[in-house]
Amino acid sequence: MTTTVIHNVRLLDPSCDLDRTGHLLLRDGLIAGLGADGDVLPDDAERIDGEGCVLSPGLVDMRVAIGEPGSEYRETIASAARAAVAGGVTTMAVLPNAVPAIDDPALVRLLRARGDETGMVTIHPYGALTKGCAGQAMAELGLLQEAGAIGFTDGIRAIADTKQMRNLLSYARGIGATVVQHPEDPSLASGGCATAGALATRFGLPQIPAAAEAILIARDLRLAELTGARLHFGHVSTAEGIGLIREAKARGSAVTCDTAPPYFALNETAIVDFRTYAKLSPPLRTEADRIGVIEGLADGTIDAIASDHAPSDADDKRLPFAQARAGGTGLATLLGVTMSLVHAGSLSLSRAMALLTAEPARLLGIEAGSLKIGGRADLCLFAPDEAWQVEAGALPGRAQNTPFDGAVLRGRVRGTWKNGRQVFAA
Amino acid sequence: MADTAAMPPLSLGPASVASGQRHLLGIAGMTAAEIEPFLDLAESYALLSRSRKAPRDRLQGRTLINLFFEDSTRTRTSFELAGKRLGADVINMTVATSSVNKGETLLDTAATLNAMRCDLLVVRHGMSGAPQLLARKVEASVVNAGDGTHEHPTQALLDALTIRRHLGRLSGLEVAICGDVGHSRVARSNIHLLKALGSSVRVVGPPTLVPGALADLGVSVHHDMERGIADTDVVMMLRLQKERMGSGLVPSEREYFRFFGLDQRRLVLARPGALVMHPGPMNRGVEIASAVADSDQSVIQEQVEMGVAVRMAVLDRLSRGGYA
């Protein structure tokens with residue numbers, strides 16, 4: 001097998017404090033070496049000029065929904081993989097609320113295999129926490145874990161019943177598994193589609209109070225302490241909820257959380273004129289909550305940024321706001337939107353990249369998100385300042401329901417490598 | 001976190017908004033100068049209607065479709081009469097007889113109406129924003145006849161016309177809107193209109209129906225009926241939907257009437273000659289006592305009459321290209 005060298009790049013790997021210009025050698029799908037500026041490049045290597053761009057580990061996205069199986073008209077694994085690599089993502093943890101739900105070991109194995117078949121991304125499936133993700137009977141957590149489930153969640157549904165949540169956490173602790181919770185009190189959220197406040201009042205939309213998040217987080221933090229289980233909250237979006245997690249971490253709790261780009265880059269005003277592409281779950285919040293999310297990212301309370309990719313087709317969204325399906329695509333825009341935090345000075349480039357690579361890999365307990373020599377050559381080459389405009393209809397992949405339609409982003413993926421093979425080139 | 005630079009929100013591209021002035025989708029955003037011509041024209045139509053001299057040729061050859069996804073006899077009849085008095089061909093489509101129940105989407109319905117060369121489309125829908133969605137897709141001018149808990153602009157215009165005829169102005173008034181304001185599209189449209197014309201609005205009811213967040217609309221919030229209607233020029237009562245009972249928002253009709261019903265004893269707290277209004281249909285003995293509903297201060301029947309006149313004015317102006 002030939003050697004490839006990607007030279008004239010800024011090597012960036014927050015997992016080992018690597019940030020310098022130089023080059024990277026690829027051989028047999030692995031990272032074979034890192035070089036500094038001025039080092040002699042091997043004669044026999046195929047050369048790729050990185051043109052001064054940043055070369056980082058391929059992104060690790062810990063919260064992705066895919067339409068397959070069951071809703072292939074929205075997104076297939078293959079189309080999601082195309083969107084992923086266009087966004088520099090080479091590893092994704094996939095939510096189990098498909099049709100059928102991923103509550104059987106065979107389905108876990110199927111998803112992993114289907115990911116490998118694309119040759120572009122590694123899929124780590126979450127297993128269903130309850131059978132059918134229906135919130136009732138406990139799924140076969142141990143068997144699912146044996147088959148490769150990376151953690152357990154009912155995806156976009158919170159476990160409503162307190163005693164059941166306690167039992168699930170308790171059982172998960174016994175097998176050393178992480179439980180991922182959608183942080184929203186289901187009863188308070190039921191029927192709502194916009195965060196409570198002036199805007200939802202003016203537009204006459206059924207409201208969800210921001211406190212629905214804090215109430216569930218408070219309950220589950222207490223249950224995690226009661227059971228000793230590893231608990232992770234997905235897509236946190238309110239200052240109050242993040243504050244509770246900050247306090248729990250200060251007490252020594254092992255709780256972790258992630259957020260998604262819409263919650264730090266947009267606020268509720270994106271839904272003006274009943275824009276259904278900005279209908280998300282949890283809903284876009286007030287400006288004060290958006291600032292709270294940025295503060296949580298800056299002070300380390302929030303452990304990772306995930307795309308929260310949720311594909312819909314046009315008919316899911318061309319409906320009156322309350323009837324439209326919630327969720328937005330996020331794979332292709334994950335890096336660009338996150339880079340806006342760097343350009344604004346809210347996060348360093350190194351910290352932002354850690355939140356997209358090493359940190360989610362650590363939370364998921366997987367070998368990914370680093371430029372370690374001898375590791376799999378999953379790479380993302382991006383131009384941190386290059387501007388591009390998000391356009392629904394022109395995004396890679398099948399689903400086009402981006403909440404960022406029309407936004408100008410700075411930070412563009414130029415190339416993505418999976419196991420040493422280039423799978424995307426801009 | 002003092003050193004955290006707060007990144008501003010990303011700006012998005014413009015939404016594909018239906019051009020507001022070809023349609024009447026809501027009162028929010030309208031100025032006094034845009035509202036008043038509707039009232040002036042409606043006033044003249046009210047007089048012409050009384051003398052049976054409405055211009056039958058104004059909408060001759062135009063097709064008006066009343067597309068109602070929610071039951072309504074009064075509003076639909078009012079639009080139908082308004083269209084017919086101006087000579088339009090009026091078709092009523094209601095949810096029970098349309099293909100919407102067969103799974104046709106709102107936008108398929110829009111395409112069908114386009115093919116029928118509809119000129120004026122009056123829409124009532126249970127979901128906030130449904131008329132906006134239709135307005136982006138149809139060639140007709142769309143009139144919102146009530147969408148979810150969002151807006152009911154012709155109701156606000158007819159209420160304003162009724163007030164102006166009795167009190168001579170729409171500025172500097174104190175208006176109380178009482179009842180299920182949180183779920184009311186009538187209240188929202190009235191609040192926007194009265195504030196645009198320079199009046200003050202209070203909203204009155206129990207916190208489950210009148211949440212404090214309504215203050216964001218620029219009104220004062222009252223949970224005490226006596227204080228809420230004290231020294232007001234207009235008391236607007238809203239219909240209490242039966243489904244609010246038993247859903248945990250209000251315990252019973254008799255308790256509601258005891259604390260929030262409008263009776264003579266409470267009405268005397270308003271200014272002498274204050275107007276009593278109700279968009280109908282009334283629940284006598286629930287939100288309003290019969291003696292008040294039928295009193296000299298009640299202008300409820302006149303609201304119905306002005307409703308037809310206002311809808312004539314709206315159809316007329318939109319058929320002439322809008323109100324820009």
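Keep in mind the model is a prediction, meaning the values are calculated, not measured.

In terms of regular secondary structure, chain B is built from 11 helices and nine strands. The C-alpha radius of gyration computed for chain B amounts to 20 Å, which stays within 12% of the reference 20 Å derived for 324 residues, consistent with globular compactness. Seen through its C-alpha atoms, chain B measures out along the principal axes to roughly 70 × 55 × 40 Å. Relative to its full complement of 324 residues, chain B shows a buried share of 56%.

All right, on to the packing of aromatic side chains then. In this description, an aromatic ring pair is defined by two values, namely the gap between the centres and the angle between the planes. Evaluated as defined, the whole model comprises two aromatic pairs over all chains. For the pair F203(A) and F274(A), a centre-to-centre distance of 5.1 Å together with 90° between the ring planes defines the contact as edge-to-face. With F203(A) in helix 6 (residues 198–203) and F274(A) in the loop between helix 9 (261–265) and helix 10 (287–298), the pair connects residues that are 71 residues apart, well separated along the chain. Across this residue pair, the class does not change: F203(A) and F274(A) are buried. Taking the centre distance of 5.9 Å and the plane angle of 35° together, the rings of Y256(B) and F260(B) count as tilted.

Let us now look at the sheet that holds strand 3 (residues 120–125) of chain B. All names here are of chain B. Reading across the sheet, the four strands line up as 2-1-3-4 and stay open at both edges, with parallel pairing between neighbours. Of all the strands in the sheet, just strand 2 (89–94) and strand 4 (141–147) have a single pairing partner and so form its edges. Recorded for the sheet is a direction-independent mean angle of 15° between the axes of neighbouring strands. Bridge analysis of strand 1 (residues 63–68) against strand 3 gives five bridges, and the strand direction is parallel. Within strand 3, the residue paired with F68 across the bridge is R124. Helix 11 (residues 300–319) contacts strand 1, strand 3 and strand 4 of the sheet and is inclined by roughly 150° relative to strand 4.

A separate point is the domain arrangement of chain A. All names here are of chain A. As far as domains go, chain A holds domain 1 (3–55 + 377–383 + 408–425) and domain 2 (58–364). Taken over C-alpha atoms, the centre of domain 1 sits 30 Å from the centre of domain 2. Opposite the 19 residues of domain 1 that make contact, domain 2 presents 24 residues. Note on domain 1 versus domain 2: buried area summed over both sides is about 1,700 Å², and carbon and sulfur give 70% of it. Counting every contact that joins domain 1 to domain 2 gives zero salt bridges. Our count for the contact surface shared by domain 1 and domain 2 stands at six residue pairs in polar contact (both at pLDDT 80 or more). Sorting the residues of the side of domain 1 that touches domain 2 by element identifies strand 1 (3–13), strand 17 (379–389), strand 18 (408–418) and strand 19 (421–425) as the ones contributing at least two each.

Residue and element names in this part refer to chain B. Feature annotation in UniProt assigns "binding site: carbamoyl phosphate" (unreviewed entry) to the following positions: R74, T75, R124, H152, Q155, G280 and P281. For T75, the position within the fold is in helix 2 (residues 74–85). T75 sits in the buried class, given a relative accessible area of 9%. Discounting residues that sit within four places of it in the chain, T75 has contacts with F68, R124, A145, H152 and R311. Assignment of secondary structure puts P281 in the loop between strand 9 (275–277) and helix 10 (290–293). Setting aside residues up to four positions removed in sequence, P281 forms contacts with R74, R239 and E287.

What UniProt calls "domain: Amidohydrolase" (unreviewed entry) maps, in this numbering, to residues 346–424 of chain A. This span, residues 346–424 of chain A, is 19% helix and 33% strand, and a straight line between its end C-alpha atoms measures 29 Å.

Attention now goes to the sheet that holds strand 6 (residues 59–64) of chain A. Residue and element names in this part refer to chain A. Spatial strand order, 6-7-8: three strands in an open sheet with parallel pairing. Both outer strands of the open sheet, strand 6 and strand 8 (122–125), are each paired with one neighbouring strand and no more. Going across the sheet, the axis of each strand differs from the next one's by a mean of 20°, ignoring polarity.

Pairs can form between side chains of opposite charge once their charged atoms are near each other. Residues and elements named next belong to chain B. One pass over the structure, following the stated rule, counts 37 salt bridges over all chains. Linking K84 and E80 is a salt bridge whose minimum nitrogen-to-oxygen distance equals 2.9 Å. On the criterion of helical spacing, the pair formed by K84 and E80 is a turn pair, its members being four residues apart in helix 2. What makes E80 buried here is its relative accessible area of 17%. Because the salt bridges share partners, they merge into one network encompassing D40, E43, R164, R165 and E302.

Turning our eyes to something else, we now look at helix 10 of chain A. Residue and element names in this part refer to chain A. Its 12 residues place the ends of helix 10 17 Å apart at the C-alpha level, agreeing with the 16 Å of an ideal helix rising 1.5 Å per residue. Buried within helix 10 we find D289, R290, G292, V293, I294, G296 and L297. Close packing links the buried residues of helix 10 with helix 8 (239–250), strand 15 (256–259), helix 9, strand 16 (304–305), helix 12 (334–343) and helix 13 (349–356). Two residues or fewer past helix 10, G300 is found with a positive phi of approximately 85°.

Right, let's get into the domain arrangement of chain B. All names here are of chain B. With domains assigned, chain B is organised as domain 1 (23–150 + 305–320) and domain 2 (153–300). Computed from C-alpha atoms alone, the centre-to-centre distance between domain 1 and domain 2 is 25 Å. Counting residues at the interface gives 32 residues for domain 1, matched by 24 residues for domain 2. Both sides together, the interface formed by domain 1 and domain 2 hides about 2,300 Å², and carbon and sulfur atoms give 65% of it. Our count for the contact surface shared by domain 1 and domain 2 stands at four salt bridges. A salt bridge links R164 to E43, with the nearest nitrogen and oxygen atoms 3.1 Å apart. Taken together, the connections running from domain 1 to domain 2 amount to seven residue pairs in polar contact (both at pLDDT 80 or more). Only helix 1 (32–50), helix 2, strand 3, strand 4 and helix 11 provide two or more residues apiece to the side of domain 1 that touches domain 2. Looking at the side of domain 1 that touches domain 2 element by element, the count peaks at nine residues for helix 1. Looking at the side of domain 1 that touches domain 2 residue by residue, the classes come out as 15 nonpolar, eight polar and nine charged.

Here the focus is the packing of helix 12 of chain A against helix 13 of chain A. Angle between the axes and distance between the axes are the two parameters that describe a pair of packed helices. All names here are of chain A. In the contact formed by helix 12 and helix 13, the axes pass within 9 Å of each other and the chain directions differ by 145°. Here the hand of the crossing between helix 12 and helix 13 comes out right-handed. On the side of helix 12, the interface is formed by L334, L335, T338, M339 and V342, while helix 13 contributes L349, A352, M353 and L356. Residues that form the contact of helix 12 with helix 13 fall into these classes: eight nonpolar, one polar and no charged.

Before going further, it helps to spend a moment on the UniProt feature "domain: Dihydroorotase catalytic" (unreviewed entry) in chain A. When the UniProt feature table is mapped onto this chain, "domain: Dihydroorotase catalytic" (unreviewed entry) is found at residues 53–240 of chain A. Regarding residues 53–240 of chain A, the helix share stands at 38% and the strand share at 19%, and the terminal C-alpha atoms are separated by 38 Å.

Turning to the interface of chain B and chain A, a few remarks are in order. Across the contact, 32 residues belong to chain B and 42 residues belong to chain A. Applying the counting rule to chain B against chain A returns eight residue pairs in polar contact (both at pLDDT 80 or more). Ranked by the residues each element gives to the side of chain B that touches chain A, the list is headed by helix 4 (residues 130–135) of chain B, at three residues. Residue composition of the side of chain B that touches chain A, grouped by class: 19 nonpolar, 10 polar and three charged.

The rules we used
Residues numbered from 1 in each chain as written. Chains lettered and ligands numbered in written order. Predicted model: local features only at pLDDT ≥ 70, side-chain atom pairs only at ≥ 80, totals over all residues. Heavy atoms only, no water. Helix = DSSP H or I, 4+ residues; strand = E, 2+ residues; numbered from the N terminus. Rg over C-alpha atoms; globule rule 2.2 N^0.38 Å. Buried < 20%, exposed > 50% of the residue type's maximum accessible area, 1.4 Å probe, protein only. Phe/Tyr/Trp six-rings, centres within 6.5 Å; stacked < 30°, edge-to-face > 60°. Pairing = 2+ DSSP bridges. Axes fitted to C-alpha atoms, helices over the stretch in contact; angles between N-to-C directions. Contact = heavy atoms within 4.5 Å. Domains from an automatic or database assignment. Buried area = accessible area lost by both parts, 1.4 Å probe. Salt bridge = Lys/Arg side-chain N within 4 Å of Asp/Glu carboxyl O. Polar contact = N/O pair within 3.5 Å; in protein donor to acceptor, adjacent residues only side chain to side chain. UniProt positions renumbered as here; feature names shortened; annotations may be inferred. Expected span 1.5 Å × (residues − 1). Nonpolar A, V, L, I, M, F, W, Y, C, P; charged D, E, K, R; others polar. Left-handed = near helix turned anticlockwise from the far one by under 90°.

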